[in-house]
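Below are the chains, spelled out letter by letter.
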Amino acid sequence: MRDEDRRQLDRVVTLLGDVLGADLVGAYLFGSAVLGGLRPESDLDVLAVSRPTTRDQRQRLVDRLLAVSGRRSPEGRWRRIELTIVVESEVKPWRYPPRFDFRYGDWLRGELEHGNLAPWPTTTNPDLAALITMARLADSPLLGPPPADVLDAVPHDDFVRAIVGDLDTLLGDLDGDTRNVILTLARVWSTVVTGAVRSKDAAADWALDRLPAEHRPVLARARAIYLGEEEERWDDLRAPVRAHADHVVAEIRRLTGGVR
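Treat the numbers as computed from the prediction; the structure is a model and nothing was measured.

Participant: Residue-level account of the sheet that holds strand β7 (residues 141–143), with values.
Facilitator: Sheet strands pair via backbone hydrogen bonds, and the direction of the pair is either parallel or antiparallel. Ordered in space as β6-β5-β2-β1-β7, the 5 strands form an open sheet in which the pairing is mixed. Each having just a single partner strand, β6 (102–104) and β7 make up the two edges of the open sheet. When strand polarity is set aside, the average angle formed by the axes of neighbouring strands in this sheet is 20°. In this structure, strand β1 (residues 24–30) lies alongside strand β2 (residues 44–50), joined through 6 bridges in antiparallel fashion. Directly across from Leu24, in β2, lies its bridge partner Ser50. Most of the contacts of helix α2 (residues 55–68) go to β6, to which it runs at about 15°, and overall it touches β5 (81–87) and β6. With respect to the sheet, helix α5 (residues 128–138) is in contact with β1, β2, β5 and β6, its orientation differing from that of β1 by roughly 85°.

Listed below in structure tokens is the structure:
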């Protein structure tokens, strides 16, 4: 990890401590930073465990995260931050679907900048099963005790339900967030088949070997963009993008018996 990435993570940990104080139980790094290394377009993924946040705390978190996520600095562009806060008593003991208390991501920036501190339809989110699983596997505390001490293990069936249950939402984002959707589908497919949680580029490598030839160019493009080898461009592959996504989703559903 680059020194500037570590400094940015230190900023996140500091702001969590400043805002949440004694309510903060722990903060845990997961995602690309611990799954094969950060790539040029990788986010910094942090899962925090705390007591319930207040509106004032959420506003202060938003104000400070907006200032450090994806912005320019003398060192270059800071990485985008994805922060999820869960309340300890709502995830331990484990129950499905899990709930979150607060979420920050740059895809929410517009809503957050306009004062909407909860731009999500519900705080129940199956995807947290995957986040918690990855945080436990990463075992990379930024602050507090090891993640296994504060987060229960997610049952395998709940983990699979979580990563498969979001497929319709992913497909809905295909046009606006093509690269991430294509790479996420590859990751879901590889995890369903092998049980392993891979980085996005490693999952793409796995999937490229198993795709029919006509569907490989889309994933190869997404992987190259993610690794900084190509510029973001999809205008020449719009029809193949949809066909690729439909093929991978159909394969995932075939393997999981159509779980939604």
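Participant: For the packing of helix α9 (residues 178–194) against helix α10 (residues 200–208), give the residues involved together with the corresponding values.
Facilitator: For the pair α9 and α10, the least separation of the axes is 8 Å and the interaxial angle reads 70°. Classified by the interaxial angle, the pair formed by α9 and α10 is roughly perpendicular. The chirality of how α9 crosses α10 is left-handed. Residues Asn180, Leu183, Thr184, Ala186, Arg187, Trp189, Ser190, Val193 and Thr194 of α9 form the contact with α10, whose own contacting residues are Lys200, Ala203, Ala204, Trp206 and Ala207. A class-by-class count of the residues in the contact of α9 with α10 yields 8 nonpolar, 4 polar and 2 charged.

Parameters and conventions
- Residues numbered from 1 in each chain as written.
- Predicted model: local features only at pLDDT ≥ 70, side-chain atom pairs only at ≥ 80, totals over all residues.
- Heavy atoms only, no water.
- Pairing = 2+ DSSP bridges.
- Helix = DSSP H or I, 4+ residues; strand = E, 2+ residues; numbered from the N terminus.
- Axes fitted to C-alpha atoms, helices over the stretch in contact; angles between N-to-C directions.
- Contact = heavy atoms within 4.5 Å.
- Parallel < 35°, antiparallel > 145°, perpendicular 65-115°, else oblique.
- Left-handed = near helix turned anticlockwise from the far one by under 90°.
- Nonpolar A, V, L, I, M, F, W, Y, C, P; charged D, E, K, R; others polar.

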